[in-house]
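Observations on the model geometry
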Amino acid sequence: MRRVALAILAIGLSGVILTDAAAQTQIYDARIRKWVDYDKKKARQLYARNKQLPEAFRMQMVPFRTAEKPGTIIIDGNQHFLYLVQPGGQAIRYGIGVGREGFGWAGIVRVGRTAEWPPWTPPAEMVARDANAAKWAAGMPGGPGNPLGARALYLYEGDDDTIYRIHGTTEPWTIGLDVSSGCIRMNNDDITDLHSRVAVGAKVIVLMQGAALYKGV
Amino acid sequence: MSNTLGRLAGILSVGAMLSGGGLAQAADLVIAMPNWPSGQATANILKIGIAKEFGLDAEIKALGELNAFVGLESGEVDIHPEVWRPNLDAVIEKYVEQKKVVTLSKRGVDAWQGLCATPAAAKDIKSIADLADASKTTALDTDGDGKGELWIGAPTWSSTGIERIRANSYGYADNLTLVEGEEEVAMVAVDAAIATEQPMVFACYAPHYIFGLHQISRLAEPAYDVGKWKIASGEDPLWVSKSNAAVAWPTARFNIAYASALRNKYPDVTRFLERIDFTTEEVTQMSYALEVERQKPSDFAKAWVKNNLARVDRWAKP
C-alpha cells in the first residue's frame, strides 16, 4: 500500500503526460450553480488560460466547524481539499492533488518532520524501469525540477515514517485531480504557506474515502 | 457505539484506585468522576450545587466505574453522576437490586443511537426506508464507484457489527458500502461534508457534541421491538449472518447513583439528587462545551450553576 505512494513521483520526474482520466473530480461552477466534471484535459486548458487554479482549489479561508484544535490538518481526498483548522470556526482550505485511489487509507497521523526544497530518491523498482529515474538513483537534489516541489511535510505514525508526504509539485494544474497513486500534492505557493504555519507534531487526519476502510463481512 | 464502548471502557479502566487513605477526610462527600465529558461536567455541577445549597464540601475523585461502585458500597464514594443502562445492568443488578447498597435516582436522561444525516443528505433521505432506494443513496458516493458509503462505527465497537446486521436486515447493505473507521475521523468527515454542503449519512448517538456543532437529523425508523431484535451471541463467528434486526436500537438511559447510606447521612442531598432533571440536549451541551470549546469541567460547571440558579434552588427546596 505504501509503496505506491512514490509512483506519482515517477510521472512528475519523467515528464510523462498524465494519462489517467480523473473521471470523479468535479468543480463547482458558480455561474451555472452546478458541479461540473473537471478532468485532466480541462484542467490543463484552464491553467494555460488563467495561469491559476479554479477558484475552488485556491487557498482561502472558509467556515469550518470542528471539535479539532486549531493547527490540525484535515485531508479530504474525495473533494481535493486540505484544511488547516483555525480558531473561531474557520479553516484555511487549499486544493490538493491525490492518487487515483485517493490516499488509500484513512486515519490519524502527525507531521514528523518538514523540509524545504526536499531531495528525492526514486525507489529501486522505479530506477529499474525508468531511465530518467535511474539518473537520480543516488538522489535528486531539491530544486524547481524536483517532483517534491518547494516543501514537504513527512507524515509519521507515532515515530515511524509512513513514507506519505504532503509536498509541492512541478505540475500545478494537477491540483484537484486524481492523477496517480500516492502522496498529497499542493502547488508550491500553497505548500510553502502551509509549511510556514504548521509545527512539527501537528495532528493530521486523513478522511475515509469510499471503500478505503471498507472491511467486508 | 462509543457511548456503550466508552462506558464499558470506563468499567474496565482502573482509574485512580481507591486508596483507603485519609484523603477524603477533609471533604463531607466524595463524587466519583468518570472519564467522559458529560460525566465530568455533571460531577462538577453536583459539587458546586451541593456546596451552594447545603454548604457541604464535596471532593471529586476520578474513578473507573467498577471502583466507583466498590466505593459506593464501602462508603468511600457517595455519588456517581452518570450510570448507563443497559451497559451497567450487571453491576446495577449486584449493587442496586441485590445488595441494595446503591440507589439509582428515579429520573434519568434518555440516550439513543441510530443513523443520522447532514442537511444536504436529509433533503432526500429522511428515513431508513430511503436508504434502500439506490437512486437516493448514490449521492452518498465518495469514491466514484456509483455506490454510496455509510459509516457504521469504529472497528472495535460492538455496535458496529449490529449496524451491519441492521443494514442487512433493512436491506440497504445492498446499495451502500458500509465503512468502518475511528470515530474521530468519521466526525471530521461530517465536519468536512457540512463545510462543503455534501450529503453524508452515518451512525450516530445522543447525547453527543456533534449535535451542538452541526445541524444533524436522525433518520426515522420503526421503533425497537424486542420480538424483532434477534442478535446472536457475538462469540459465534457467524453471528452477523445469523442475526436480524430491522428495527431501531433499544433506548439507553443514564441516571445519577448514590450510596444508599447517604439517605441517612444527608437526606437533603439525596432529595436534591432525585430532583435533578437534565435533558438529553443539556448533556449534549456539556459534551460540546468540554470537547469542542475545551472548557475546563469546573469552569463549565460554575457558569452552568450561575445560569441555572433558580432550577438548582428548586432541586434543593425542602
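Scope of this entry: the structure provided in the associated data block. Model, not experiment: these values are computed from the prediction.

Describing the overall build of chain A
- If you tally the helices and strands in chain A, you get five helices and 13 strands.
- Burial statistics for chain A: of 217 residues in total, 53% are counted as buried.
- Counting contacts in chain A only where the partners sit at least 6 residues apart, residues at least 24 apart contribute 67% of the total.
- Of the accessible surface of chain A, which amounts to about 9,800 Å², a share of 51% is contributed by carbon and sulfur atoms.

Considerations on the overall build of chain B
- Assigned secondary structure in chain B consists of 16 helices and nine strands.
- Whereas a compact globule of 318 residues would reach a radius of gyration of roughly 20 Å, chain B reaches 21 Å, a difference of no more than 12%.
- Along the first, second and third principal axes, the C-alpha set of chain B runs to 65 × 40 × 30 Å.
- With 318 residues in all, chain B has 55% of them scored as buried.
- Across chain B, contacts joining residues at least 24 apart in sequence account for 76% of those joining residues at least 6 apart.
- The distance from the centre of the 32 positive side-chain charges to the centre of the 41 negative ones in chain B is 8 Å.

Remarks on unusual backbone geometry
- In this structure, the amide linkage connecting R85 of chain B to the following residue, P86 of chain B, adopts the cis form with an omega of 5°.
- Considering the arrangement of structural elements, one finds P86 of chain B in the loop between β3 (79-85) and α4 (89-98).
- Residue P207 of chain B follows A206 of chain B across a cis peptide bond; omega there is 5°.
- For P207 of chain B, the position within the fold is in the loop between β7 (201-206) and α10 (210-213).
- The residue H80 of chain A is not glycine, and still its phi comes out positive at about 65°.

Focus on the environment of I165 of chain B
All names here are of chain B.
- Inspection of the secondary structure assignment puts I165 in helix α8 (residues 158-170).
- By relative accessible area, I165 is classed as buried at 0%.
- Apart from residues lying up to four places away in sequence, I165 is in contact with I231, W239, V240, S243, N244 and A245.

A look at the pattern of salt bridges
- One pass over the full model with this rule turns up 22 salt bridges over all chains.
- A salt bridge links D57 of chain B to K47 of chain B; the nearest nitrogen and oxygen atoms lie 3.9 Å apart. Of this pair, D57 of chain B sits in the loop between α2 (37-54) and β2 (58-62) while K47 of chain B sits in helix α2; the two residues are ten residues apart in sequence, bridging distant segments of the chain.
- For K47 of chain B, a relative accessible area of 29% gives the class partly exposed.
- Within this structure, E68 and K203 of chain A together with E184 of chain B form a network of salt bridges that share partners.

Some details on the nonpolar core
All names here are of chain B.
- Residues L131, Y172, V201 and F202 are the most contacted members of the largest nonpolar core, which totals 64 residues.
- When residues in this core are grouped by element, the largest group, eight residues, is from helix α9 (residues 183-195).
- With residues near it in sequence (within four places) discarded, V201 still touches C116, A117, A121, I125, L131, L140, E149, L150, W151 and L219.
- Within the second largest apolar cluster, 38 residues are counted, among which are F254, L262, I276 and A301.

What counts, and where the lines are drawn
Residues numbered from 1 in each chain as written. Chains lettered and ligands numbered in written order. Predicted model: local features only at pLDDT ≥ 70, side-chain atom pairs only at ≥ 80, totals over all residues. Heavy atoms only, no water. Helix = DSSP H or I, 4+ residues; strand = E, 2+ residues; numbered from the N terminus. Buried < 20%, exposed > 50% of the residue type's maximum accessible area, 1.4 Å probe, protein only. Contact = heavy atoms within 4.5 Å. Areas by Shrake-Rupley, 256 points an atom, 1.4 Å probe, with all protein chains shown as cover. Rg over C-alpha atoms; globule rule 2.2 N^0.38 Å. Lys, Arg positive; Asp, Glu negative; His and termini not counted. Charge placed at Lys NZ, Arg CZ, Asp CG, Glu CD. Salt bridge = Lys/Arg side-chain N within 4 Å of Asp/Glu carboxyl O. Core = buried A, V, L, I, M, F, W, Y, C linked by side-chain atoms within 4.5 Å.

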